[in-house]
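Chain by chain, the residues:
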Number of protein chains: 2
Amino acid sequence: MIDHTHDMSAMSWVEMGSGRIDFPIQNLPWGVCSKHGIVVAIGEQAVVLREAIGLGKLQFADDIASALQSDSLNAFMALGHADWTEVRHALFEMLIGESCPEVLCALSELMLVMPAQIGDYTDFYAARNHATNVGKMFRPDGDPLMPNYLHLPVGYHGRASSVVISGTDIRRPQGQLKPDDSAPIFAPCKLLDYELEFGAFIGTGNAIGDRIPMDDAMEHIFGIVILNDWSARDIQKWEYQPLGPFNAKNFASSISPWIVTIDALAPFREEGPARLDGDPDILEYLKPVTDDVLDIQCCVSISSTKMREDGIDSLQLSKSSLTNLTWSFAQMLAHHTSTGCPMNSGDLIGSGTISGGTKDSRGCLLEYTWRGTEPIDLPDGTQRRFLQDGDEVIIKAWCESGSATRIGFGDCAGIILPHN
Amino acid sequence: MIDHTHDMSAMSWVEMGSGRIDFPIQNLPWGVCSKHGIVVAIGEQAVVLREAIGLGKLQFADDIASALQSDSLNAFMALGHADWTEVRHALFEMLIGESCPEVLCALSELMLVMPAQIGDYTDFYAARNHATNVGKMFRPDGDPLMPNYLHLPVGYHGRASSVVISGTDIRRPQGQLKPDDSAPIFAPCKLLDYELEFGAFIGTGNAIGDRIPMDDAMEHIFGIVILNDWSARDIQKWEYQPLGPFNAKNFASSISPWIVTIDALAPFREEGPARLDGDPDILEYLKPVTDDVLDIQCCVSISSTKMREDGIDSLQLSKSSLTNLTWSFAQMLAHHTSTGCPMNSGDLIGSGTISGGTKDSRGCLLEYTWRGTEPIDLPDGTQRRFLQDGDEVIIKAWCESGSATRIGFGDCAGIILPHN
């Protein structure tokens, strides 16, 4: 068993490097690289599964071995939690056993690609502070939260084909906009935004017509990534009624390349999500029965082309936490499948923007600059209301609580390119 | 070349059967069956591509031959229009040449499966009569059409994993409902509906960041199927604000198994869609430049369990046409990709419910019974406001105009099962 409360990395023959480590031996997150297939990060290096199995350093039943030697994680995800844990423990044994550096590759040499083929991507809206802020801005005269908000996790289907890996440049979209009272125009998006989110990769799915109940939901989730759901606010404003966001969201969504497993997150699971005084009762099918809240912290920072050229550090904007969710991933999954909607291995579920209750925890520029009325001063002397060409947005995330070893997620980053 | 204006089926050695034929030699629609892989329907039979190529009756370059011998149409779709046309002509030559019945299989013996893996499914809302009717019912005090409606094809991302082949039973979904002023409940959907639509399968896609312009859009479409976008109206009403329909639509959408190609539909392409007096100008990126309207007719009928047991014919409800669309598939595709959203081979784009301007052309029960206020009398003595368990909904479609040979789409059917 892996002990989360001690520095077990010291037991491993893998050099861990110095400073703050994202990938201690307690983490072992999963990725895919173009040259070697499936990899697991440890310290500044990664285990190449194909190599470790080929050399007999890891031994599994045929279905597991075959899944681990493919070019995406979908087949491994489909095997289920018991097999994920078995492989985690085998990796752990190998990494504290006899030294075998020939199964490793330096992280700096990996070209990471999408870890799984995403069949369907769903984005939720599960942090009430975000929904409240957006409601206040777009519907100033009404209750900022819709009547359904505290009864069910509101979500919508997203565009799987436009989910890209961290480091992919983001082309500024064009689209139909209506900036004023005159006729709409077709033009480059002017109000380009990021959204600070997390995504849950589905491991095992459900057959059409079946449901995934709350007591089993966390078992179906393979792991978590950082998600930046880039958004074109001006396109969104004109298009979104009555069927919801569409083109405003389908040009790109970035994910961090390393999937941190639910097993690795075990010490950071908590009861909840908490309800506030006056919140309505939750219907039975959404009542938490396991510890479903993940205490994952994150921060977003920005740099302009000039800042990078001048060697100026990126500017940290907000800092938030996945504990800001009003609905957990387990609740999202139970609700999503409550109609019998089938999930498949590799499907991705986004949390929605995880704003907290304070200005410095607002998870997108729309909120952070309050629709552009409170611009940000960048260290290069310019201001930002929304993203400019050349801007890079970097999201980092980590778990750190009590005596448990820190678990990191790596980065989710992207630079804005001018429109075509 | 295939001549659409003559009875060329007489030239073929294939027995066509008597009566109204859906699949004359001018049609040659594509499907996939579980046993034989890719098939093309003709008359009451189907060409098994694997067999025809294996026996040397059809000869193609390696990439085409390989694509045609796979278990789904995705690879063939990805080859592009010139190759689709080449294969169509080769099939035609084979079917009027020397008799080779060994490449055929009776339609009645085929177990048809999904013709392609659908990466992403998008549903539009492109018939103004449907949008107007729904607007009148749900927003009686305002303009039934939203201000954006006549400026862009409104659409939303759907759930690819829940698209099923005609003949699949449809499990009545459960979900969160709010039937009255009391607290919401979790219960079986009571207001279950069908939606009479068509779907366009994308053949060749676009890279992320690129666009598909209007003059090229029809070239990217492989073909058309009938689509029934089953809808849970009570779930929809409670969940849809502010992010649009979600669980109300993700339990099942049925498609007809045969994809009728754009080549087969050539004689039924028309200019348009027509704009009405007073409609705003269309922005340049959505202006039609090729004949994008498809004159496809369709009808929906219903039968209850009792009717089928008693041998009573199904009751025809509405009759409509794809010419009722306010936005063409070409416009949907140009708009959808205007942000750089990537399309992949096998993606599906739904038209939205294609209601006409008269009661007998309303394309769903919500409209047809006007929210249940005008119930339907079934021949078994019962009434329908929405679908009951055991009801079967059958949609048929065909093209018939001028001297062109009739082209049929077959059926898209499904029976409602009780909830789990």
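Quick summary incoming for the structure in this document.

**Here we look at the overall build of chain A**
Phase 1 of the analysis: Along chain A, the regular secondary structure elements total 10 helices and 26 strands.
Phase 2 of the analysis: A compact globule built from 420 residues would reach a C-alpha radius of gyration of about 22 Å, and chain A, at 21 Å, matches this within 12%.
Phase 3 of the analysis: In terms of overall dimensions, chain A has C-alpha extents of about 70 × 55 × 40 Å along its principal axes.
Phase 4 of the analysis: For chain A, the proportion of its 420 residues judged to be buried stands at 63%.
Phase 5 of the analysis: Within chain A, residue pairs in contact and separated by at least 24 positions form 73% of the contacts whose partners lie at least 6 positions apart.
Phase 6 of the analysis: Total accessible area on chain A is roughly 14900 Å²; 49% of this is exposed by carbon and sulfur atoms.
Phase 7 of the analysis: Averaging the locations of the 30 positively and 56 negatively charged side chains of chain A gives two centres separated by 9 Å.

**Observations regarding the relation of the copies chain B and chain A**
Phase 1 of the analysis: Of the transformation placing chain B onto chain A, the axial shift is 0.0 Å and the rotation is 180°, giving an RMSD of 0.0 Å. Within this description, the copies of the chain are treated as partners about a two-fold rotation axis. Closest approach to the rotation axis among the C-alpha atoms of chain B is made by Gly244 of chain B, whose C-alpha sits 2.1 Å away.
Phase 2 of the analysis: The share of interface residues of chain B whose copies in chain A are also at the interface is 100%, consistent with both copies meeting through the same surface.

**As for the pattern of salt bridges**
Phase 1 of the analysis: Here the structure, examined in full by the defined rule, presents 35 salt bridges over all chains.
Phase 2 of the analysis: When the shortest N-O distance is used, the salt bridge between Arg269 of chain B and Asp292 of chain B registers 4.0 Å. Taken together, the residues span a long stretch of sequence, with Arg269 of chain B in strand 18 (residues 269–270) and Asp292 of chain B in the loop between strand 18 and strand 19 (293–294) at a distance of 23 residues.
Phase 3 of the analysis: Counted as one network, the salt bridges with shared partners bring together Asp193, Glu195, Asp229, Arg233 and Lys249 of chain A.

**Concerning the interface of chain B and chain A**
By convention, interface size is frequently given as the accessible area that disappears when the constituent parts associate.
Phase 1 of the analysis: Every contact between the two is made by 59 residues of chain B and, on the other side, 59 residues of chain A.
Phase 2 of the analysis: Counting every contact that joins chain B to chain A gives four salt bridges.
Phase 3 of the analysis: Of all elements in the fold, only strand 6 (121–124), strand 7 (155–157), strand 10 (174–177), strand 11 (185–188), helix 7 (233–239) and helix 9 (329–336) of chain B reach the threshold of two or more residues within the side of chain B that touches chain A.
Phase 4 of the analysis: Across the side of chain B that touches chain A, the residue classes tally to 28 nonpolar, 23 polar and eight charged.

**Remarks on the layout of surface pockets**
Phase 1 of the analysis: One number sums up the size of the largest pocket: a volume of about 780 Å³.
Phase 2 of the analysis: Around the largest pocket, the lining is made up of 27 residues, and of these Gln117, Ile118 and Gly119 of chain A together with Ile118 and Gly119 of chain B lie nearest the centre.
Phase 3 of the analysis: Of the residues contributing to the lining of the largest pocket, the split by class is 12 nonpolar, 12 polar and three charged.

**Regarding the sheet that holds strand 26 (residues 407–417) of chain B**
Phase 1 of the analysis: Read across the sheet, five strands follow the order 9-26-25-20-21 (chain B) without closing on themselves; strand pairing throughout is mixed. At either end of the open sheet lies a strand with only one pairing partner, and these are strand 9 (170–171) and strand 21 (315–321) of chain B.

**Structural notes on the state of the cysteines**
Simply put, the disulfide is a covalent bond whose two ends are the sulfur atoms of two cysteines.
Residues and elements named next belong to chain A.
Phase 1 of the analysis: Applying the stated rule across the entire model yields zero disulfides over all chains.
Phase 2 of the analysis: This cysteine, Cys105, is not joined by any disulfide, and Cys33 carries the nearest cysteine sulfur, 6.4 Å off.
Phase 3 of the analysis: According to the relative accessible area criterion, Cys105 is buried, its value standing at 10%.

**Concerning the environment of Ser318 of chain B**
All names here are of chain B.
Phase 1 of the analysis: Examined against the element boundaries, Ser318 turns out to sit in strand 21.
Phase 2 of the analysis: By relative accessible area, Ser318 is classed as buried at 0%.
Phase 3 of the analysis: For Ser318 and Gln241, which are 77 residues apart along the polypeptide, the C-alpha to C-alpha distance reads 29 Å.
Phase 4 of the analysis: What Ser318 contacts, discounting residues up to four positions off in sequence, is Tyr194, Leu196, Cys298, Cys299, Val300, Asp360, Ser361, Arg362, Gly363 and Tyr368.
Phase 5 of the analysis: Within the structure, the side chain of Ser318 is placed 2.7 Å from the backbone oxygen of Arg362, a separation counted as a polar contact.

**So, the sheet that holds strand 2 (residues 37–42) of chain A**
Residue and element names in this part refer to chain A.
Phase 1 of the analysis: Spatial strand order, 4-3-2-1-5: five strands in an open sheet with antiparallel pairing. Pairing within the sheet leaves two strands with one partner each, and these edge strands are strand 4 (104–106) and strand 5 (112–113).
Phase 2 of the analysis: Here strand 1 (residues 30–33) runs beside strand 2; their pairing, made up of four bridges, is antiparallel. Considered in strand 2, the bridge of Cys33 is made with Gly37.
Phase 3 of the analysis: Each of strand 1, strand 2 and strand 3 (45–48) touches helix 4 (residues 81–96); the most contacted strand, strand 3, lies at about 115° to it.

**Focus: the pairing of strand 20 (residues 297–303) of chain A**
Residues and elements named next belong to chain A.
Phase 1 of the analysis: Among the seven residues of strand 20, seven are classified as buried, and the element is accordingly described as predominantly covered.
Phase 2 of the analysis: Burial along strand 20 is two-sided: the residues Gln297, Cys299, Ser301 and Ser303 and Cys298, Val300 and Ile302 are all buried.
Phase 3 of the analysis: Where strand 20 lies against strand 21 (residues 315–321), five bridges are found, and the strand directions are antiparallel. When the sheet's bridge partners are listed, Cys299 is paired in strand 21 with Lys319.
Phase 4 of the analysis: Note: strand 20 against strand 25 (residues 392–399), seven bridges, orientation antiparallel. Within strand 25, the position partnered with Val300 by the bridge is Ile395.

**A few points about the side chain of Arg384 of chain A**
All names here are of chain A.
Phase 1 of the analysis: Its location among the elements puts Arg384 in strand 24 (residues 383–384).
Phase 2 of the analysis: Within the local environment of Arg384, its side chain forms a polar contact with the side chain of Thr382, the two groups lying 3.1 Å apart.
Phase 3 of the analysis: For Arg384, the side chain forms a polar contact with the side chain of Asp391, separated by 2.6 Å.
Phase 4 of the analysis: Each residue touching Arg384, except ones within four places of it in the same chain, is listed here: Ile302, Ser304, Thr369, Pro375, Ile376, Leu378 and Asp391.

**Some points on the packing of aromatic side chains**
Residue and element names in this part refer to chain A.
Phase 1 of the analysis: Per the counting criterion, the structure on display carries 17 aromatic pairs over all chains.
Phase 2 of the analysis: Considering the side-chain rings of Phe198 and Phe409, the 5.9 Å spacing of their centres and the 70° angle between planes classify their relative orientation as edge-to-face. Of this pair, Phe198 sits in strand 13 (residues 196–202) while Phe409 sits in strand 26 (residues 407–417), placing them 211 residues apart in sequence. For the residue pair Phe198 and Phe409, the accessibility class agrees, reading buried in each case.

**Let's talk about the side chain of His220 of chain B**
All names here are of chain B.
Phase 1 of the analysis: Among the secondary structure elements, His220 is positioned in helix 6 (residues 214–220).
Phase 2 of the analysis: Under the relative-accessibility criterion, His220 is labelled buried at 10%.
Phase 3 of the analysis: In this structure the side chain of His220 is engaged in a polar contact, spanning 2.9 Å, whose partner is the side chain of Asp216.
Phase 4 of the analysis: Sequence-distant contacts of His220, defined by excluding residues within four places in its chain, comprise Trp84, Phe201, Ile202, Gly203, Thr204, Gly205, Ile212 and Leu333.

Definitions and cut-offs
- Residues numbered from 1 in each chain as written.
- Chains lettered and ligands numbered in written order.
- Predicted model: local features only at pLDDT ≥ 70, side-chain atom pairs only at ≥ 80, totals over all residues.
- Heavy atoms only, no water.
- Helix = DSSP H or I, 4+ residues; strand = E, 2+ residues; numbered from the N terminus.
- Rg over C-alpha atoms; globule rule 2.2 N^0.38 Å.
- Buried < 20%, exposed > 50% of the residue type's maximum accessible area, 1.4 Å probe, protein only.
- Contact = heavy atoms within 4.5 Å.
- Areas by Shrake-Rupley, 256 points an atom, 1.4 Å probe, with all protein chains shown as cover.
- Lys, Arg positive; Asp, Glu negative; His and termini not counted.
- Charge placed at Lys NZ, Arg CZ, Asp CG, Glu CD.
- Least-squares fit on C-alpha atoms with pLDDT ≥ 70 in both.
- Salt bridge = Lys/Arg side-chain N within 4 Å of Asp/Glu carboxyl O.
- Nonpolar A, V, L, I, M, F, W, Y, C, P; charged D, E, K, R; others polar.
- 1 Å grid on protein atoms, 1.4 Å probe; cavity = no way out; pocket = protein on both sides within 12 Å on 5 of 7 lines; lining within 4 Å.
- Points joined across faces, edges and corners; volume = space filled by probe spheres on them.
- Pairing = 2+ DSSP bridges.
- Disulfide = S-S within 2.5 Å.
- Polar contact = N/O pair within 3.5 Å; in protein donor to acceptor, adjacent residues only side chain to side chain.
- Axes fitted to C-alpha atoms, helices over the stretch in contact; angles between N-to-C directions.
- Phe/Tyr/Trp six-rings, centres within 6.5 Å; stacked < 30°, edge-to-face > 60°.

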